[in-house]
Amino acid sequence: MKKEMTREEVIKEVQDQDVEFIRLQFTDLLGHQKNMAITSSQLQKALDNEFMFDGYSIKGFSAIEKADMYLYPDYSSFEIFPWRPQHGKVARLLCDVHTSDGEPFSDDPRYILKKAVAAAAEKGLELMVEPECEFFLFHTDENGLPTTLTHEQAGYLDLGPLDLGENARRDIVLTLEDMGFDVLASHHETAPAQHEVDFAKGSALETADNIMTFKMVVRTMAKRHGLHATFMPKPKQDAAGSGMHLKLMLLKDGKNIFADPDDPSALSREGHYFIKGLLSHIRGISALTNPIVNSYKRLMPGFDAPVYADFNDEVKDSPLIRVLSRKGADTCIELRSPDSAANPYLALAAILTAGLEGLEKQQMPEKGHMADVSMLPTSLSEALDEMEKDPLVVKILGERCMTKYLSAKRAEAEEYRKQITEWELNNYLYRY
């Protein structure tokens, strides 16, 4: 769980631990982590929220009238990077973004999730999330640039010497634990060079923060092993893609309201209502849970990824949502479409808001492929069209933020549409 820290405790930690540099980190609209580095001599100024940046230079952060954005550090996010020097250490503080008049910036992804969490809290509810993050470890070329090459042929749960990435994965796990993560398990995944690390459930905001930190740690440790880590959903055409399955549980007054021992699947009516909310809006929020062109190369038949917006009580046919076999206080559902290219703040805000609407409407989902089931979007363009039609997304993002997101992503989809691929050249250049 996230440790609470005060301003004074942050200052004392910096002094006692010989921290010389502090990174003030935040996440832009597209899910890319940004940072401003300061020395410890400037810490007081940072804690007084005096550091600013030009919003016009950050995707989705350009305010209509005021470009100056200010970083408000979250004291409880203070962490020292274990891989940096032991003298003159480097630490980080995650930050919220505020406007020049001191108000939270409404298009800051972390603020958007905070609003969704607050809306749930007003009903006495808290979403708990346990992510399963998959990624590939590939070789780099002679210039240190990433490739999609690997020498290994390991598969699901294989170990060394087949698993050539186990040393890097071990260092990833140990580093995460040094930074306060409760790592549940790590293993080789289905495709060669593909790996998974699972960490313990936390609140929606804590989990989103952890996912951003996790990706930074994975990339850093991989580089130290001469490898490139990628969270690209589908880097290899003939291999399984990387997803980010999310195990979801809803608490009320600290009690898991998804649990019902009298239900055949041990899932309560509230759990079923939450699922119905997700199914009703999954096409509209797919552009947030699966945000890039490449995301839709993963969501295809034959690669253990969902294709339909369906729900099953048990594992079969790669359902979008399933109820896990955990019982009692551990009862939860698993949403299987998201991938790690997603901005976790926006994705979790959408998932929580959709689920809460399901609770309000109190409708039961139908099960299986043949009952009330549609396909997931098959392209980013289709997902954006669905997003634009779904009023829930406007409720989550706000009209201005949604317009920015649609504009950025439509430009991405259009740029992809213009590309001449190797497949086209191989199949058409000679024949036509």
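Our subject is the structure that appears above.
About the thresholds
Residues numbered from 1 in each chain as written. Predicted model: local features only at pLDDT ≥ 70, side-chain atom pairs only at ≥ 80, totals over all residues. Heavy atoms only, no water. Phe/Tyr/Trp six-rings, centres within 6.5 Å; stacked < 30°, edge-to-face > 60°. Lys NZ or Arg CZ within 6 Å of the ring centre and 35° of its normal. Helix = DSSP H or I, 4+ residues; strand = E, 2+ residues; numbered from the N terminus. Polar contact = N/O pair within 3.5 Å; in protein donor to acceptor, adjacent residues only side chain to side chain. Contact = heavy atoms within 4.5 Å. Axes fitted to C-alpha atoms, helices over the stretch in contact; angles between N-to-C directions. Parallel < 35°, antiparallel > 145°, perpendicular 65-115°, else oblique. Left-handed = near helix turned anticlockwise from the far one by under 90°. Nonpolar A, V, L, I, M, F, W, Y, C, P; charged D, E, K, R; others polar. Buried < 20%, exposed > 50% of the residue type's maximum accessible area, 1.4 Å probe, protein only. Pairing = 2+ DSSP bridges. Core = buried A, V, L, I, M, F, W, Y, C linked by side-chain atoms within 4.5 Å. Salt bridge = Lys/Arg side-chain N within 4 Å of Asp/Glu carboxyl O.

### Overview of the packing of aromatic side chains
Working definition: an aromatic ring pair is given by the centre-to-centre distance plus the angle between the planes.
1) Next: Taken as a whole and assessed by the stated rule, the structure comprises 11 aromatic pairs.
2) Next: With 5.6 Å between their ring centres and 75° between their planes, Y428 and Y432 make a pair best called edge-to-face.
3) Next: Put simply, the rings of F135, F181, F199, F214 and F231 touch in pairs and so form one group of aromatic residues.
4) Next: Its guanidinium or amino end placed over the ring of F231, K215 lies 5.6 Å from that ring's centre, counting from NZ or CZ.
5) Next: When the ring centre of F303 is taken as reference, the NZ or CZ atom of K234 above it lies at 3.4 Å.

### Thoughts on the side chain of S286
1) Next: Among the structural elements, S286 can be located in helix α6 (residues 269-289).
2) Next: One polar contact links the side chain of S286 to the main-chain carbonyl oxygen of I282, over a distance of 2.6 Å.
3) Next: Other than its neighbours up to four places away in sequence, S286 contacts P291, Y296, P377 and A383.

### What to know about the packing of helix α3 (residues 109-121) against helix α8 (residues 344-361)
1) Next: Two numbers describe how α3 lies on α8: the axes approach to 8 Å, and their chain directions differ by 25°. Between α3 and α8, the angle falls in the class roughly parallel. Crossing angle aside, the handedness with which α3 passes α8 is left-handed. Here P109, R110, I112, L113, A116, V117 and A120 of α3 lie close against α8, whose contacting residues are Y345, L346, L348, A349, L352, T353 and L356.
2) Next: The class makeup of the residues in the contact of α3 with α8 is 12 nonpolar, 1 polar and 1 charged.

### Quick look at the side chain of D339
1) Next: With respect to the secondary-structure elements, D339 resides in the loop between β16 (333-335) and α8.
2) Next: Looking at D339, its side chain comes within polar contact range of the side chain of N290, at 3.2 Å.
3) Next: Apart from the residues within four sequence positions on either side, D339 is in contact with P233, S242, G243, M244, T289, N290, P291, S295 and R298.

### Concerning the pairing of strand β9 (residues 194-199)
1) Next: Where burial is concerned, most of β9 is hidden: 6 out of the 6 residues are buried.
2) Next: Going residue by residue along β9, you find Q194, E196 and D198 tucked away on one face and H195, V197 and F199 tucked away on the opposite face as well.
3) Next: As defined by bridge partners, strand β7 (residues 125-139) adjoins β9 across 5 bridges and the pair is classed as antiparallel. When the bridges of β9 are listed, C133 appears paired with V197.
4) Next: Where strand β8 (residues 183-188) and β9 come together, 5 bridges link them in antiparallel fashion.

### Quick notes on the environment of T140
1) Next: Of note, T140 is situated in the loop between β7 and α4 (166-178).
2) Next: Look at T140 and you get partly exposed, because its relative accessible area is 29%.
3) Next: Between the alpha carbons of T140 and E8 there is a distance of 43 Å; along the sequence they are 132 residues apart.
4) Next: The contacts of T140, once residues within four sequence positions are left out, are L145, P146, T147, G226, L227 and H228.

### Overview of the nonpolar core
Nonpolar side chains in soluble globular proteins generally cluster together in the buried interior.
1) Next: One finds F214, L248, I321, I333, M387 and L397 to be the most contacted residues of the largest nonpolar core, which totals 90 residues.
2) Next: Here this core takes 11 residues from helix α5 (residues 204-224), the largest share from any one element.
3) Next: With residues near it in sequence (within four places) discarded, I333 still touches L246, K247, L248, F258, L267, F274, I275, L278, I321, R322 and V323.
4) Next: Judged by nonpolar contacts, the second largest core, of 25 residues, contains L43, M69, L93 and V97.

### Remarks on the packing of α5 against α8
1) Next: Two elements in contact, α5 and α8, have axes whose closest approach is 9 Å; the angle formed by their N-to-C orientations is 150°. By the angle between their directions, the pair α5 and α8 is classed as roughly antiparallel. Seen from above, α5 lies across α8 with right-handed handedness. Along the contact surface, α5 presents A204, L205, T207, A208, D209, I211 and M212, while α8 presents P344, Y345 and L348.
2) Next: Across the contact of α5 with α8, the residue classes tally to 8 nonpolar, 1 polar and 1 charged.

### As for unusual backbone geometry
1) Next: Unlike most non-glycine residues, N49 shows phi in positive territory, near 65°.
2) Next: In this structure, N49 sits in the loop between α2 (43-47) and β3 (52-54).

### Comments concerning the pattern of salt bridges
1) Next: Across all of its chains, the model carries 24 salt bridges by this definition.
2) Next: Of the charged contacts in the structure, one is a salt bridge between E334 and K247, with a shortest N-O distance of 3.7 Å. A residue pair is termed long-range when its members are at least 10 positions apart, and E334 in strand β16 and K247 in strand β12 (residues 244-252) qualify at 87 residues.
3) Next: Residue class for E334 comes out buried when judged on its relative accessible area of 2%.
4) Next: The closest approach of N and O atoms between R410 and D385, which form a salt bridge, is 3.1 Å. You can see R410 sitting in helix α11 (residues 399-417) and its partner D385 sitting in helix α9 (residues 380-389), a full 25 residues away along the chain.
5) Next: Each of E132, K247, D304, R322, E334 and R336 takes part in salt bridges that share partners, so that together they form one network.

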